[in-house]
Number of protein chains: 2
Amino acid sequence: MSKKILIVGGVAGGASAAARIRRLDESANIIVFEKGPHVSFSNCCLPYHLSGQIENHEELVLMTPDKFFNQYNINTRIYNEVLSIDRENKSIKVKNVVTGKTYEEGYDKLILSPGANAIVPPIEGIEDAKTFVVKNVVDIAKLNQFITSKNATNVSVVGAGFIGMEVAENLKEAGYNVTLIEAANQVMRTFDEDMVQILHKELFDQGINLILGDKVTKFNNSDIVLESGKIVQSDAVVMAIGVKPEVTLAKECGLEIGETGALKVDSNYRTIDKDIYAVGDAIEVTNAISRKIQHLPLAGPAQKQARAVADHIYGLPVKNTGYIGSSCIKVFDYNAACTGLTEAQCKNLGINYDSVYVIPQDKVGLMPDNNHLHFKLIFEVPTGKVLGAQSIGKGNVDKRVDIVATLIKMGGDIDDLRDLELCYAPPFGTAKDAVNHAALVALNIMNNTFKQVHVSDVRKLVEENAYIIDAREKNEYEEGHIINAVNIPLSEIRNRIDEIPTDKPVYIHCRSAQRSYNASVLLGHLGFENIYNISGSFLGICFYEYFRDKSENRKPIVTNYNFK
Amino acid sequence: MSKKILIVGGVAGGASAAARIRRLDESANIIVFEKGPHVSFSNCCLPYHLSGQIENHEELVLMTPDKFFNQYNINTRIYNEVLSIDRENKSIKVKNVVTGKTYEEGYDKLILSPGANAIVPPIEGIEDAKTFVVKNVVDIAKLNQFITSKNATNVSVVGAGFIGMEVAENLKEAGYNVTLIEAANQVMRTFDEDMVQILHKELFDQGINLILGDKVTKFNNSDIVLESGKIVQSDAVVMAIGVKPEVTLAKECGLEIGETGALKVDSNYRTIDKDIYAVGDAIEVTNAISRKIQHLPLAGPAQKQARAVADHIYGLPVKNTGYIGSSCIKVFDYNAACTGLTEAQCKNLGINYDSVYVIPQDKVGLMPDNNHLHFKLIFEVPTGKVLGAQSIGKGNVDKRVDIVATLIKMGGDIDDLRDLELCYAPPFGTAKDAVNHAALVALNIMNNTFKQVHVSDVRKLVEENAYIIDAREKNEYEEGHIINAVNIPLSEIRNRIDEIPTDKPVYIHCRSAQRSYNASVLLGHLGFENIYNISGSFLGICFYEYFRDKSENRKPIVTNYNFK
C-alpha cells in the first residue's frame, strides 16, 4: 500500500523533503500544507528585492503548486493552515483560510517544517508604529510597497544579524537614509568583536547610521526612542531582532521542546512520536565541535535534514554528524564569512584555545584588484584542532572559510591546514594561501616561537606608554603610526639592537605582521625575553580602532589611519 | 659554532628556505647563489607582463640582494653560477659570470633549488627561427621587447600547458594574432578531455587560432611547418612544451636521479648525501592518492618543501604526506581549477573509479551575474573515496576545487562531501553547493539509483539512432535540441508513459540533468530497466561538441547550440 505523507510548511525543508520522497517512491501520496500563498520561495533572497537587484517580488517564488504537481506529482495546498495534530489517530486538522472551511487529513508519516517567526517584542507604542518584518514574499512586498508609495526617506532597521544587515544594505542601495540599531556592542555575533570592526567601518563609510549598544524602549509614532535617550525619526521600521522556532503545533500535541526553545529531534530528525519528523528552523541540532545543542536557522542544514528525513522514512541509512554552522554575508564592498566556533563561544564553553589574525593579500600583490584578506583562525591548545575561522575582505573570503569548514568537518588540525595544497595562479591567490599562512603562524604560537598580543590590546598598551617598535620602513611610519611607537625598521634592527630595552616588554608590529614576526624571532634569538608580536599589526589596528574613534569621537591612538 | 648553509638557486624554493633558516637560527651563515640577475622573482606572473597587466618587468622582481641582506642578513650572490659540488670535501665551485673568476665555498649543509628548464627540442631550422621561452624575467622582457620593437603581428605559442595558455591569452590581450599549437588532442592535460572542451570553445571564441593534435616538424625562418602540412607564419614563437628538471650539478656529483628524470629525495627532501637537500621543480615527489612518484613543478609545493628542509636541518619534525597537485588557470573569461587525479590518470593506474559531471549555477539563479559551474567529480568504486575534481566556469570554480582538495587531503569520501556545511548567502553560492550536489549524484551512481552515460557518448548514440528523451519544456526544445531526440517534458512524462519504448535503452537529458534525473528515477520506479541519464545533459553536450564542430567543420548533433 502506498504511503501517505503530509508535510507542514512548504518552504526550504518542506519542499526539499517532498521532492526527495517522490524520487524514492513514485506511489507515495504526498501533500504539502502551506498557510501562506507560496510554496518554496527564496527566503535568503528577500532583502535583495528592496534594492531592485531582484526587481519583481514574484521572481522570489521558486515553485508554483502547478509546477510542483506536474513535475513531481506532489499536491500543495497553499492557504491551508494546519490547526492541530491528532497523534493518536494520526491525522491533522486543517483550515482553508480562503473558504474558512476546516477538514481532517490522515497520515502515515508527518513532517513538520514550519520554520521560525520573526521576534517582535511588545515594545510600547509598537501598534501605532510602521513596523515590518522580513520573513516571506508577502512581507518584503508589503515593506517595499510601503516605503516606495509613501516616499519614505528615513528607514530604520532594528537588529544587526544576517537579515538586519542585508535589509539595511539594500535599503541604502535604494537611496533611503538608513539607521541600523543593535542592542549588542557589535553587529553579526557569528563573528568576534575584533573582526566585526571591519564591518562597522564599512557600514559607517557607506553612510549607514550605525547605533550599537542601544535598545529600543518606545515607539512614538514615527519616532524610535532608544534607551540612551536618542530619538531616531523613521518613516518605517524593520524589526530584525531574531527568529523564534515555530513550535505551537508541536507543543500542543505533546512533542518535546528542547532547552533552546526549538523542537527536540533524534539523530534521524524524528520527534518522540515515531511517525512525526521535523526539520529546518523549527528544530535544534547538535554542534559538531562543542557537542552542545543549538538552534541553527540556516538554509543548507534545512535541506540536508529534509533529505535525511525522506531517506529515513524509506529505510536508507543516514549518519547525523552534527553541524558546525558555516555562513557568509556581503556588506557593501566587503564579504564576510565564518565557520565553527568564535573566540567568544570558546570562552563561554571553557575551551582552551588560542587565535591568530593575519592580513595577507587575497591574490598576488602584482596583480590588479588584489585586496587585503582579514583572516582569523581559532584553534584548541594544546591539540591544535581547528575550531573556527572568520574572514573579511573585498575578495573571495568565502573560499578560505569553506576550506576551513571542510577541514573542521574532517577533524583536521593546524598541521593539516598548513599542509593543504590549494589551487594557485596569480589571478586567484598566492602560492602560500591565507589559510596555510594562518596555520604557520598558529604553529609558531603553539610552539612558543614567539608571543603575541591582539589588536584589542593595543589601546591599553598605548595608554600605559608601553614600548612599541614599528618595524616598517621610515616612509611607511611617516604616513601614519601608533602614537609613541619607535620606528626601527626590520632592515635596521640588527644594527640598532642597543636601542631596545631589556628591562620591559617590547611590542612589535609592522604593516601586516610579516616583518614584525621576523623581528620578534630575531630578538628572541638574541636573548630578549619579553617580546610580543602584535597580531594584525598596523593594518589590523587601524581597522580595529577606526569606527569607535569616529562614532564615539574618541582620541585616536594612531597619528593617521592607513588602510592600504 | 654557527652553521654555514649554501643554497643553489634563489627563486621560490631557495629564497623561502633561506628566510626560514634565518628565523630558526640568527647565527647561520647563509649564502644564496643565483646565476641570473635576480633572486626571488614571481615566476607565475611572468606571462601577465605581455598584456601590460604587469606593466614594468622590474615589478616581477620581488626581492633584491640588498633587501634580502638588510632584512634577513642573507647573502645573495647573483651572477654566480655553481659549477660543481665536491661532496667529499663539502664544498662547491662557483663562477662569477661577470668577472669570470672561479672560487670555492665550503658548506655544512647544501640546498639545491635549481628549478627546471624549458624544453626546446632540436627541431630543424630552430636556430634561425625567432623562438623564445618564458622561464624568468630576462626571458619575458626579451620576448616583449622583441614583439613590440619589431611590430610583430603573428605570434605562435607551441605547447598548451599552464605557461603556453597564459602566454597565448596575454599575447592576444595585447593585440597579437595568436596561434596556439598543441601536439595532444587537448590543452591542459591536468584536465580531462570532456571538461577541456569548454576551454577549447573559449579559446576559439576569443579568437585564438587553436591547433590540436599537430606537431611542429620544421621552422622555415618565419614559417612553422606542422606535421599535417599546415604552415603557420609567425613573427615570434614561444616554446612552452614543458619543463625538464635541472639536475646537471646533482648528476655530476653522483646524487640519485629518479625514474621521472628529477632528483630523488627522501621524506625530508634529503638526497642520498645526508648534507645535501633539494627542493622545488628539480625534485620528484610522491602522489598522495596514487602513491606513484611524479614530477610536480608547482609553486605551492616548492614553498612547503623549502620550509620542511629548513625545519629538518634544525631538528624540527616534519611529516611528508605526499602531494595531490591542485592547480588553476584563468582562460579569458573562464576560470578552470583541478585537484587530485583525472579520469585519464585513473584509467592508466587501473583504479576502479566513476565520475559525475554536473552543471549547477555558481550562485542563486535570482542574483545578477550568476554563471554555470561545470563540475566533475572523480571517485573510487566501491569505496566512494574522492580521487579528484575539475571545475570550469566564469565564477569561483577555484573555491569548489579547493574544498575538494581539502577533503582529499583529509581522506574524505563522497558521504563526507555530501555532508559538508559551506558558507551560503545569495551573492556567494547556493544552499546546496555544487560540491554537495555532485556528491549526491555520485551517491546515486554508487547506489545504482540510476545509470548514466557521458557527454562524450552522445554523438555515437545519435549516429546509432538511439532513443533519446529531451525532458525539457517544449519552448526549450524548440530553441535547440539533439537531432531526433523526442521531447517529453518531465511535467508530461507521467501521462505519456505509453510512448516510451520498453524494448530498448532509453537515454534522457534535460538542460543540466536535474529534471532528467527525476525522470530517470521515475521510469525506474515504473519498471523500465534500461534507463540512462545523460550526465552533463544538453548544456554539457553543447559545450562538448561546439569546438570540434567548428574547427573540423563537422556536422552538429544538435539543431542549435544553447549555452544558457
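Identification of chain A as NADPH-dependent 2,4-dienoyl-CoA reductase, sulfur reductase from Romboutsia lituseburensis DSM 797 is taken from an unreviewed UniProt entry. Its UniProt record gives chain A the following Cofactor (unreviewed entry) comment, quoted word for word: "FAD". Checking UniProt for chain A, the heading Sequence similarities (unreviewed entry) contains the comment "Belongs to the class-III pyridine nucleotide-disulfide oxidoreductase family."

Q: How should I be thinking about the overall build of chain A in this particular structure?
A: Along its length, chain A carries 16 helices and 32 strands. What you see for chain A is a C-alpha radius of gyration of 27 Å, in line with the 24 Å of a compact globule of 564 residues. If you line up chain A on its principal axes, its C-alpha atoms span 90 × 55 × 40 Å. The buried share among the 564 residues of chain A stands at 61%. Nonlocal contacts in chain A, meaning residues at least 24 apart in sequence, comprise 63% of its contacts between residues at least 6 apart. As displayed, chain A has an accessible area near 21200 Å², and 45% of this comes from carbon and sulfur atoms.

Q: Got a minute to help me understand the UniProt feature "domain: Rhodanese" (unreviewed entry) in chain A in this structure?
A: Summarizing the sequence annotation, UniProt attributes the feature "domain: Rhodanese" (unreviewed entry) to residues 462-548 of chain A in the numbering used throughout. End C-alpha to end C-alpha, residues 462-548 of chain A measures 16 Å, and it is 40% helix and 16% strand.

Q: Whenever I open this one, the nonpolar core confuses me. Can you help?
A: Proteins that are soluble and globular tend to have nonpolar side chains buried together. Ranked by size, the top nonpolar core spans 87 residues in total, and within it Phe 375, Leu 377 and Val 404 of chain A together with Phe 375, Leu 377 and Val 404 of chain B carry the most contacts. The next biggest cluster of nonpolar side chains, apart from the first, holds 78 residues, and it includes Phe 146, Ile 198, Tyr 507 and Leu 539 of chain A.

Q: Quick question: what am I supposed to make of a nonpolar patch on the surface here?
A: A cluster of nonpolar side chains, Tyr 79, Val 97 and Val 98 of chain A, forms an exposed patch at the surface whose accessible area comes to about 260 Å². When its relative accessible area of 37% is taken as the criterion, Val 97 of chain A is described as partly exposed.

Q: For this particular structure, what's the right way to read the pattern of salt bridges?
A: Any two side chains of opposite charge can pair, given that their charged atoms come close. With the rule as written, the count across this model stands at 66 salt bridges over all chains. One salt bridge in this structure joins Arg 77 of chain A and Glu 105 of chain A, with 2.8 Å as the shortest N-O distance. Placement of the pair is Arg 77 of chain A in strand E5 (residues 75-78) and Glu 105 of chain A in strand E8 (residues 102-106), with a sequence separation of 28 residues. On the accessibility criterion, Arg 77 of chain A (25% relative accessible area) is partly exposed. With relative accessibility at 13%, the residue Glu 105 of chain A sits in the buried group. Measuring nitrogen to oxygen at the nearest pair gives 3.0 Å for the salt bridge that ties Asp 549 of chain B to Arg 459 of chain B. With Asp 549 of chain B in helix H16 (residues 537-551) and Arg 459 of chain B in helix H12 (residues 458-463), the pair connects residues that are 90 residues apart, well separated along the chain. There is no split in this pair, since Asp 549 of chain B and Arg 459 of chain B are both buried. Taken together, the salt bridges that share partners define one network made up of Lys 90, Lys 109, Lys 274 and Asp 275 of chain A.

Q: Which parts of the structure should I look at to understand the relation of the copies chain A and chain B?
A: When chain A is fitted to chain B, the best match, at an RMSD of 0.0 Å, comes from turning it 180° and sliding it 0.0 Å along the axis. On this basis, the relationship between the two copies can be described by a two-fold rotation axis.

Q: Quick question: what am I supposed to make of the environment of Asp 470 of chain B here?
A: Structurally, the position occupied by Asp 470 of chain B is in strand E29 (residues 467-470). Separated by 21 residues in sequence, Asp 470 of chain B and Thr 449 of chain B have C-alpha atoms that sit 20 Å apart.

Q: Honestly, the sheet that holds strand E9 (residues 109-112) of chain A in this entry has me stumped. Any pointers?
A: Sheet strands pair via backbone hydrogen bonds, and the direction of the pair is either parallel or antiparallel. Residue and element names in this part refer to chain A. Sheet architecture is open: 5 strands sit in the order E5-E2-E1-E9-E20, paired in parallel fashion. At either end of the open sheet lies a strand with only one pairing partner, and these are E5 and strand E20 (276-278). Shown here is a sheet whose adjacent strand axes are inclined to one another by a mean of 20°, direction ignored. Running at roughly 165° to strand E1 (residues 4-8), helix H1 (residues 13-24) makes contact with E1, strand E2 (29-34) and E9 of the sheet.

Q: I keep staring at the interface of chain A and chain B and nothing clicks. Help me out?
A: Interface extent is often summarised as the accessible area lost during association of the parts. Listed as interface residues are 87 residues of chain A and, on the opposing side, 87 residues of chain B. Between chain A and chain B, the buried area comes to about 7000 Å², and carbon and sulfur atoms account for 60% of it. The three residues of chain A that bury the most area against chain B are Arg 23, Leu 366 and Glu 421 of chain A, which together make up 12% of that side's buried surface. Viewed at the interface, chain B and chain A are joined by 8 salt bridges. In this structure, Lys 399 of chain A and Asp 398 of chain B form a salt bridge, with 2.6 Å as the shortest nitrogen-oxygen distance. On the surface where chain A and chain B come into contact, there are 26 residue pairs in polar contact (both at pLDDT 80 or more). Among the elements that line the side of chain A that touches chain B, the one with the most residues is helix H9 (residues 397-409) of chain A, at 9 residues.

Q: Is there a simple way to explain the domain arrangement of chain A in this structure?
A: Residue and element names in this part refer to chain A. The domains assigned to chain A are domain 1 (4-116 + 244-313), domain 2 (126-241), domain 3 (333-446) and domain 4 (451-551). Look at where the C-alpha atoms of domain 1 and domain 2 centre, and you get two points 29 Å apart. The interface is formed by 17 residues belonging to domain 1 together with 16 residues belonging to domain 2. For the domain 1 face of the interface with domain 2, the top three residues by lost area are Leu 46, Pro 47 and Leu 50, together amounting to 44%. Inspection of the region where domain 1 meets domain 2 yields 0 salt bridges. There are 3 residue pairs in polar contact (both at pLDDT 80 or more) connecting domain 1 and domain 2. Classifying every residue of the side of domain 1 that touches domain 2 gives 10 nonpolar, 6 polar and 1 charged.

Q: It is not clear to me how H9 of chain A should be interpreted in this structure. Could you clarify?
A: End to end, H9 of chain A covers 18 Å across 13 residues, agreeing with the expected 18 Å (1.5 Å per residue, within 8%). Burial within H9 of chain A is extensive, with 12 of its 13 residues counted as buried. Listed in full, the buried residues belonging to H9 of chain A are Val 397, Asp 398, Lys 399, Arg 400, Val 401, Asp 402, Ile 403, Val 404, Ala 405, Thr 406, Leu 407 and Ile 408 of chain A. Packed against the buried residues of H9 of chain A are strand E24 (334-340), strand E26 (373-380), strand E27 (386-393), helix H10 (414-419) and helix H11 (434-446) of chain A together with helix H9 (397-409) of chain B. Positive backbone phi, at 75°, marks Gly 411 of chain A, one or two positions downstream of H9 of chain A.

Rules used throughout
- Residues numbered from 1 in each chain as written.
- Chains lettered and ligands numbered in written order.
- Predicted model: local features only at pLDDT ≥ 70, side-chain atom pairs only at ≥ 80, totals over all residues.
- Heavy atoms only, no water.
- UniProt positions renumbered as here; feature names shortened; annotations may be inferred.
- Helix = DSSP H or I, 4+ residues; strand = E, 2+ residues; numbered from the N terminus.
- Rg over C-alpha atoms; globule rule 2.2 N^0.38 Å.
- Buried < 20%, exposed > 50% of the residue type's maximum accessible area, 1.4 Å probe, protein only.
- Contact = heavy atoms within 4.5 Å.
- Areas by Shrake-Rupley, 256 points an atom, 1.4 Å probe, with all protein chains shown as cover.
- Core = buried A, V, L, I, M, F, W, Y, C linked by side-chain atoms within 4.5 Å.
- Patch = residues over 30% accessible without salt bridge, like charges linked within 9 Å, V, L, I, M, F, W, Y side chains within 5 Å.
- Salt bridge = Lys/Arg side-chain N within 4 Å of Asp/Glu carboxyl O.
- Least-squares fit on C-alpha atoms with pLDDT ≥ 70 in both.
- Pairing = 2+ DSSP bridges.
- Axes fitted to C-alpha atoms, helices over the stretch in contact; angles between N-to-C directions.
- Buried area = accessible area lost by both parts, 1.4 Å probe.
- Polar contact = N/O pair within 3.5 Å; in protein donor to acceptor, adjacent residues only side chain to side chain.
- Domains from an automatic or database assignment.
- Nonpolar A, V, L, I, M, F, W, Y, C, P; charged D, E, K, R; others polar.
- Expected span 1.5 Å × (residues − 1).

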